[in-house]
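Below are the chains, spelled out letter by letter.
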Amino acid sequence: ALWAEALNLAGGRIDVLVNNAGVFEAADIADADAFAATWARSHAINLQSAADLCRHAVLHFQQYGGGRIINVASRAGHRRAPTPGAAARGRPRGR
C-alpha cells in the first residue's frame, strides 16, 4: 500500500530507494512479553521493512530499466552498546 502511494506521488516512477528507517527501544530482558514485543517491532522496522522495500524496488527497476538502492545502517552493532539491547538494533540493519 505504501509503495503504491509512493509511486503515485512520484508520478509513476521511482529511480532511487533510500532505506533509512530505524528504531531502538530498550526492554527489560526479564519481562519475556515486553522483550518479545520490542524485538518484533525492532525486527519489523529495522530489517523486514528494508527487505520488503528492496523487493518492490527491484521489481520496479526491472520494469523501468534500472535504479539505485541505498541502505543506511547504524554503527551500533559494531561497537560496545551503551544501553543493553542496543547491539540488536545495529546488527539486523547490517552495513
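Rules behind the numbers
- Residues numbered from 1 in each chain as written.
- Predicted model: local features only at pLDDT ≥ 70, side-chain atom pairs only at ≥ 80, totals over all residues.
- Heavy atoms only, no water.
- Helix = DSSP H or I, 4+ residues; strand = E, 2+ residues; numbered from the N terminus.
- Buried < 20%, exposed > 50% of the residue type's maximum accessible area, 1.4 Å probe, protein only.
- Contact = heavy atoms within 4.5 Å.
- Pairing = 2+ DSSP bridges.
- Right-handed = clockwise from strand over helix to strand, strands pointing away.
- Core = buried A, V, L, I, M, F, W, Y, C linked by side-chain atoms within 4.5 Å.
- Patch = residues over 30% accessible without salt bridge, like charges linked within 9 Å, V, L, I, M, F, W, Y side chains within 5 Å.
- Areas by Shrake-Rupley, 256 points an atom, 1.4 Å probe, with all protein chains shown as cover.
- Salt bridge = Lys/Arg side-chain N within 4 Å of Asp/Glu carboxyl O.
- Polar contact = N/O pair within 3.5 Å; in protein donor to acceptor, adjacent residues only side chain to side chain.

Section: the overall build of the protein
Broken down by element type, the protein carries 3 helices and 2 strands. Element order for the protein, N to C, with α for helix and β for strand: α-β-α-β-α. Per-residue burial for the protein yields a buried fraction of 20% across its 95 residues. Looking at the protein alone, contacts between residues at least 24 apart form 56% of all its contacts between residues at least 6 apart.

Quick look at the pairing of strand β2 (residues 68-71)
Two elements, strand β1 (residues 16-19) and β2, share 4 bridges in a ladder whose sense is parallel. Directly across from N19, in β2, lies its bridge partner N71. Regarding the hand of the β-α-β motif, the stretch spanning β1, helix α2 (residues 32-64) and β2 is right-handed.

Re the nonpolar core
Grouped together as the largest cluster of nonpolar side chains are 7 residues: W3, L7, I14, L17, C54, A57 and F61. For this core, the secondary structure elements donating two or more residues are α1 (2-9) and α2. For this core, the element with the highest residue contribution is α2, accounting for 3 residues. Every residue in contact with F61, bar those within four places of it in the chain, is listed here: I14, D15, V16, L17, G66, G67, R68 and I69.

Some remarks on a nonpolar patch on the surface
On the surface, a cluster of nonpolar side chains totalling about 300 Å² of accessible area is made up of V16, V18, I70 and V72. Tracing the backbone shows V16 in strand β1. The exposure class of V16 is partly exposed, given its relative accessible area of 45%.

Comments concerning the side chain of N46
Position of N46 relative to the elements: it lies in helix α2. In terms of polar contacts, N46 uses its side chain to reach the backbone amide nitrogen of V23, at 2.8 Å.

Details of the environment of E25
Following the sequence through the fold, E25 ends up in the loop between β1 and α2. Considering only alpha carbons, one finds E25 and F35, 10 residues apart in sequence, at a separation of 9.7 Å. With near-sequence residues (within four places) excluded, E25 lies in contact with T38 and R41. Among the polar contacts listed, one links the side chain of E25 to the side chain of R41, at a separation of 2.3 Å.

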